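Listed below are the residues making up each chain.
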Amino acid sequence: MSAVRELSGNLIGKGLRVGIAISRFNDFFTKELKGGALDGLIRHGVMEKDIVVAWVPGANELPLVLQKMAESGKFDALIGLGVVIQGATAHADLINGQVSRSLAKVAMDTHLPVINGVVCAGNLEQAIERCGSKAGNKGWSAAEAAVEMANLYREMGS
Ligand code: INI
């Protein structure tokens, strides 16, 4: 028998409280991410009454709202959802870098799982692929990661 102690979070969502911040920018796509995330959470057993969704103007605004949610003490895991599509300038790269660093900072500062569900797409086709077509739905996978991380974090003790 192995003496190695391995930890991994289960995928049972019942009783978990999950906060979602979602960007209105590119909402043609982010609405699909929201649908995927809610479906993923509910299918894993998270109850509707335990889910809060907060809309923000753009991906840049996700970290602050998630930080506020984290500090409220009302959530076991948080998810940021957005879609950033490359344009003619470097704007998208700046947003992507800043948002992913800030989401990680919120997680580290507040000791809560914060799942990065921001799609970084090079073009519209890549966005379509990641928002519910051939590359899946990043909202759904973010939901699953949120459940797993919340349970792993619980298992490790607070
Ligand atoms: N916000 C997005 O969520 N996606 C984008 O593709 C995007 N682009 O490309 O500009 C975007 N910009 C807005 C940004 O997130 C902020 O809302 C804005 O800069 C105000 O802070």
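Here's a quick rundown of the structure. (Residues numbered from 1 in each chain as written. Predicted model: local features only at pLDDT ≥ 70, side-chain atom pairs only at ≥ 80, totals over all residues. Heavy atoms only, no water.)

Here we take up the nonpolar core. In this structure, I20, L41, I79, L81 and V83 are the most contacted members of the largest nonpolar core, which totals 24 residues. Among the elements of the structure, β1 (18-23), α1 (27-43), β3 (77-85), β4 (114-121) and α5 (138-155) are those that each provide at least two residues to this core. Ranked by the residues each element gives to this core, the list is headed by α5, at five residues. When residues no more than four places from it in sequence are discounted, the contact partners of L81 are I20, A21, I22, S23, L33, K34, A37, L62, G117, G139 and A142. (Core = buried A, V, L, I, M, F, W, Y, C linked by side-chain atoms within 4.5 Å. Buried < 20%, exposed > 50% of the residue type's maximum accessible area, 1.4 Å probe, protein only. Helix = DSSP H or I, 4+ residues; strand = E, 2+ residues; numbered from the N terminus. Contact = heavy atoms within 4.5 Å.)

Moving on: α1. Taking 1.5 Å of rise per residue, the 17 residues of α1 would be expected to cover 24 Å, and the 23 Å separating its terminal C-alpha atoms lies within 8% of that figure. Of the residues trailing α1, G45 is marked for its positive phi of about 105 degrees. (Expected span 1.5 Å × (residues − 1).)

Time to look at the site of the ligand. In the region of the ligand, the neighbouring residues are S23, F25, N26, G58, A59, N60, E61, V83, V84, I85, H91 and I95. Within the side chain of N26, a nitrogen or oxygen atom sits 3.3 Å from an oxygen atom of the ligand. Surface burial for the ligand is 74%, taken as the share of its 460 Å² of free accessible area covered by protein chains. Elements represented by at least two residues in the shell around the ligand include exactly β3 and α3 (91-110). Looking at the shell around the ligand, the element that brings in the most residues is β3, giving three residues. The residue makeup of the shell around the ligand, split by class, is six nonpolar, five polar and one charged. (Near = heavy atom within 4 Å. Polar contact = N/O pair within 3.5 Å; in protein donor to acceptor, adjacent residues only side chain to side chain. Areas by Shrake-Rupley, 256 points an atom, 1.4 Å probe, with all protein chains shown as cover. Nonpolar A, V, L, I, M, F, W, Y, C, P; charged D, E, K, R; others polar.)

What follows concerns the packing of α1 against α5. Relative placement of two packed helices is described by the angle separating their axes and the distance separating the axes. Between α1 and α5, the shortest axis-to-axis distance is 6 Å and the interhelical angle comes to 35 degrees. Crossing handedness for the pair α1 and α5: right-handed. Residues L33, G36, A37, D39, G40, L41 and R43 of α1 lie in contact with α5, whose contacting residues are K138, G139, W140, A143 and V147. In terms of residue class, the contact of α1 with α5 is built from six nonpolar, three polar and three charged. (Axes fitted to C-alpha atoms, helices over the stretch in contact; angles between N-to-C directions. Left-handed = near helix turned anticlockwise from the far one by under 90°.)

With that out of the way, let us pick up the pattern of salt bridges. If you walk through the whole model with that rule in mind, you get eight salt bridges. Here D39 and R43 are joined by a salt bridge, their closest N and O atoms 3.1 Å apart. Linking D39 with R43, this pair stays in helix α1, spanning four residues, or about one helical turn. For D39, a relative accessible area of 33% gives the class partly exposed. A salt bridge links D76 to R154; its shortest N-O distance comes to 3.5 Å. Here D76, found in the loop between α2 (62-72) and β3, pairs with R154, found in helix α5; they are 78 residues apart in sequence, far enough to count as distant. The network of salt bridges with shared partners includes R17, D76 and R154. (Salt bridge = Lys/Arg side-chain N within 4 Å of Asp/Glu carboxyl O.)

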